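# Results of the structural survey
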Amino acid sequence: MPVIVFASPKGGAGKTTSAFLLATELANRNMSITIVDADPNHPIENWRKGGGKANNLTIMVNKNEESILDDIDTAAGESDFVIVDLEGTANLSVAYAISRADLVIVPSQRSTLDAGEAAKALSLVKRQSSVARREIPVALLLTRTSLAIRSKGLKRMLESLGANKVESFIVEINEREAFKAVFDHTCTLAQLGDSQVSGLDKARKNSAEFAAEAIQKLDSLQPKKPKIFKGVA
Ligand SMILES: Nc1ncnc2c1ncn2[C@@H]1O[C@H](COP(=O)(O)OP(=O)(O)OP(=O)(O)O)[C@@H](O)[C@H]1O
Ligand SMILES: [Mg+2]
């Protein structure tokens, strides 16, 4: 079943937050989801240990690069979707996980420095595509954006860094208290109450739109299978 990997060497880019939002959003729609928590700090496993749980959501802790491929394959055999949260660095685990991805999402804040780190993630996906001899779909996701500030888009920043033809999400993950609160209160967005945090409706809408676009990208970015025999459908 599809494997979606969140990757960026930039610490704090929003990998864990956006991976968690996508996983819990899909789980809430009755799909079985496994998050492979491959960050050595195990932020999502810590959420679970703190009392966090959700229907249809399994959290698998990955210990090291030796087992990451087996963990992803096991999770893919058991769930409708596998979502992999990686450490903010470029190591073997990151490269291995990318090689198994049906879609890599590269979260980034909107700044030139962050765009440079996102460009490194894009290059790594390109290299892994070459290793795997298949085009690994990848898309950029702007995170922690302020609704009040509309500055130069990340896509244009990346293009200025030479990363042309960059696929990116139309939806941005906004900076929202509710996206922090799910970890503070060890719950999901759906489980949060209006008394716990403000702006919940907008946060839920933002998260739902992100999940919808991720599913659509997963579908639209799959490489077309070459026809082996001419004239055979
Ligand atoms: N959309 C958001 N709104 C509000 N806070 C956010 C948002 N995204 C991330 N944060 C906060 O920013 C910090 C870093 O986010 P997160 O842990 O998701 O990044 P990361 O890329 O997984 O970092 P690391 O590389 O360290 O694993 C956290 O404190 C998180 O709560
Ligand atoms: Mg993280």
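These remarks concern the structure in this document. All of these numbers come straight from a predicted model, not from anything done at the bench.

## Re the site of ligand 1
- In the neighbourhood of ligand 1, 17 residues make up the surrounding shell, with Lys15, Thr16, Thr17, Arg144 and Asn174 lying closest.
- One of the side-chain nitrogen or oxygen atoms of Thr16 is found 2.9 Å away from an oxygen atom of ligand 1.
- One of the backbone N or O atoms of Asn174 is found 2.8 Å from a nitrogen atom in ligand 1.
- If ligand 1 stood free it would expose 620 Å²; the protein chains cover 77% of that surface.
- It is helix H1 (residues 15–28) that contributes the most residues to the shell around ligand 1, 3 residues altogether.
- Looking at side-chain class alone, the shell around ligand 1 contains 3 nonpolar, 7 polar and 7 charged residues.

## A word on the pattern of salt bridges
- Per the stated rule, a full pass over the model turns up 11 salt bridges.
- Of the charged contacts in the structure, one is a salt bridge between Arg110 and Glu172, with a shortest N-O distance of 3.5 Å. Of this pair, Arg110 sits in the loop between strand S5 (103–108) and helix H5 (112–132) while Glu172 is found in the loop between helix H6 (154–160) and strand S7 (173–174), placing the two residues 62 residues apart along the sequence. Each member of the pair, Arg110 together with Glu172, is buried.
- Glu209 is the partner of Lys205 in a salt bridge, and the nearest nitrogen-oxygen pair spans 3.1 Å. Of the two residues, Lys205 and Glu209 are both situated in helix H8 (residues 200–220); the distance of 4 residues between them amounts to about one turn of the helix.
- Taken together, the shared-partner salt bridges in this structure form one network comprising Arg144, Glu175 and Lys180.

## With respect to the sheet that holds S7
- The strand order across the open sheet built from 7 strands is S3-S2-S4-S1-S5-S6-S7, with neighbouring strands paired in parallel fashion. The open sheet has two free edges, formed respectively by strand S3 (57–61) and S7, since each of these has just one partner strand.
- Sheet analysis places strand S1 (residues 3–6) next to S5, joined by 3 bridges and oriented parallel. Residue Phe6 lies in a different strand from S5, and its bridge partner there is Ile105.
- Along the sheet, H1 makes contact with S1, strand S2 (33–38), S3, strand S4 (81–86), S5, strand S6 (138–145) and S7, crossing S4 at roughly 165 degrees.
- Contacts from H8 reach S1, S4, S5, S6 and S7 within the one sheet, and its direction differs from that of S5 by about 140 degrees.

## Some points on helix H4 (residues 92–99)
- Burial within H4 is extensive, with 6 of its 8 residues counted as buried.
- Taken together, the buried positions of H4 are occupied by Ser93, Val94, Ala95, Ala97, Ile98 and Ser99.
- Looking at the buried residues of H4, the elements they touch are S1, helix H3 (65–78), S4, S5 and H5.
- Measuring from the backbone nitrogen of Ser93 back to the side-chain oxygen at the start of H4 gives 3.2 Å, which picks out Asn91 as the cap.

## Digging into the nonpolar core
- One finds Ile4, Leu22, Ile83, Ile105, Leu189, Leu192 and Phe210 to be the most contacted residues of the largest nonpolar core, which totals 38 residues.
- For this core, the element with the most residues is H1, which contributes 7 residues.

## Here's the deal with the packing of H1 against H8
- Orientation of H1 relative to H8, taken along the N-to-C sense of each, is 85 degrees, at an axis distance of 9 Å. Between H1 and H8, the angle falls in the class roughly perpendicular. Contacts from Ser18, Leu21, Leu22, Glu25 and Leu26 in H1 reach Ser207, Ala208, Phe210, Ala211, Ala214 and Ile215 in H8.
- Residues belonging to the contact of H1 with H8 are distributed by class as follows: 8 nonpolar, 2 polar and 1 charged.

What counts and how
Residues numbered from 1 in each chain as written. Chains lettered and ligands numbered in written order. Predicted model: local features only at pLDDT ≥ 70, side-chain atom pairs only at ≥ 80, totals over all residues. Heavy atoms only, no water. Near = heavy atom within 4 Å. Polar contact = N/O pair within 3.5 Å; in protein donor to acceptor, adjacent residues only side chain to side chain. Areas by Shrake-Rupley, 256 points an atom, 1.4 Å probe, with all protein chains shown as cover. Helix = DSSP H or I, 4+ residues; strand = E, 2+ residues; numbered from the N terminus. Nonpolar A, V, L, I, M, F, W, Y, C, P; charged D, E, K, R; others polar. Salt bridge = Lys/Arg side-chain N within 4 Å of Asp/Glu carboxyl O. Buried < 20%, exposed > 50% of the residue type's maximum accessible area, 1.4 Å probe, protein only. Pairing = 2+ DSSP bridges. Contact = heavy atoms within 4.5 Å. Axes fitted to C-alpha atoms, helices over the stretch in contact; angles between N-to-C directions. Core = buried A, V, L, I, M, F, W, Y, C linked by side-chain atoms within 4.5 Å. Parallel < 35°, antiparallel > 145°, perpendicular 65-115°, else oblique.

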